[in-house]
Amino acid sequence: RLPLFQAAGKKNSSNLLALNEEELKEQFVRGDGPGGQATNKTSNCVVLKHIPTGIVIKCHQTRSVEQNRKIAREILQEKIDLFYKGENSDVFKEKKAAERKKQEKKRRARENLERKRHFKEMQQLDGK
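Calculation criteria
- Residues numbered from 1 in each chain as written.
- Predicted model: local features only at pLDDT ≥ 70, side-chain atom pairs only at ≥ 80, totals over all residues.
- Heavy atoms only, no water.
- UniProt positions renumbered as here; feature names shortened; annotations may be inferred.
- Helix = DSSP H or I, 4+ residues; strand = E, 2+ residues; numbered from the N terminus.
- Polar contact = N/O pair within 3.5 Å; in protein donor to acceptor, adjacent residues only side chain to side chain.
- Contact = heavy atoms within 4.5 Å.
- Pairing = 2+ DSSP bridges.
- Axes fitted to C-alpha atoms, helices over the stretch in contact; angles between N-to-C directions.
- Buried < 20%, exposed > 50% of the residue type's maximum accessible area, 1.4 Å probe, protein only.

Going by an unreviewed UniProt entry, the protein carries the name Mitochondrial translation release factor in rescue and comes from Nothocercus julius. Looking at the protein in UniProt, the text filed under Sequence similarities (unreviewed entry) is "Belongs to the prokaryotic/mitochondrial release factor family."

Next up, the structure:
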């Protein structure tokens, strides 16, 4: 199930499973990482746990507690959707579509590079 969870956090979708606030446990802790005193003295990192599934989200993307709470809930909602729906989840489908698009872009770039190489070789042969 781990690869499914890596797809979360990509795009907010309207038909995700709803969060029930009674099933959530929320904590505010000190964040970690760069930021010095601004990070070390403020408890604006949100740790959100969905009790039925055991999924834990730690969000410290901004300095605002309210924004971090909102972001954590969005990410948790996507992960819960992935947990229950698996490959039928919109989040999973969006992730797969993005991967296909990326692979197609790489393939086209390789083809263009090969065409340029071939063109350059032809020019060198004509020049001799």
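In this structure, His 50 sits in strand 2 (residues 45–50). Reaching out from His 50, the side chain makes a polar contact with the side chain of Thr 53 at a distance of 2.8 Å. Discounting chain neighbours no more than four positions away, the residues touching His 50 are Glu 23, Leu 24, Ile 55, Leu 76, Ile 80 and Tyr 84.

Here we take up the sheet that holds strand 3 (residues 55–59). With antiparallel pairing, the three strands of this open sheet are ordered in space as 1-2-3. If you trace the sheet from one side to the other, it starts and ends with strand 1 (24–29) and strand 3, each paired once. Sheet twist, expressed as the mean angle between neighbouring strand axes with direction ignored, is 15°. In this structure, strand 2 lies alongside strand 3, joined through five bridges in antiparallel fashion. Residue pairing in the sheet places Leu 48 in a bridge with Ile 57 of strand 3.

Our next topic: the pairing of strand 3. Side chains of strand 3 alternate between two faces, with Ile 55, Ile 57 and Cys 59 buried and Val 56 and Lys 58 left unburied. Following strand 2, the chain reverses through four residues before pairing antiparallel with strand 3; Gly 54 in that reversal takes a positive phi of roughly 80°.

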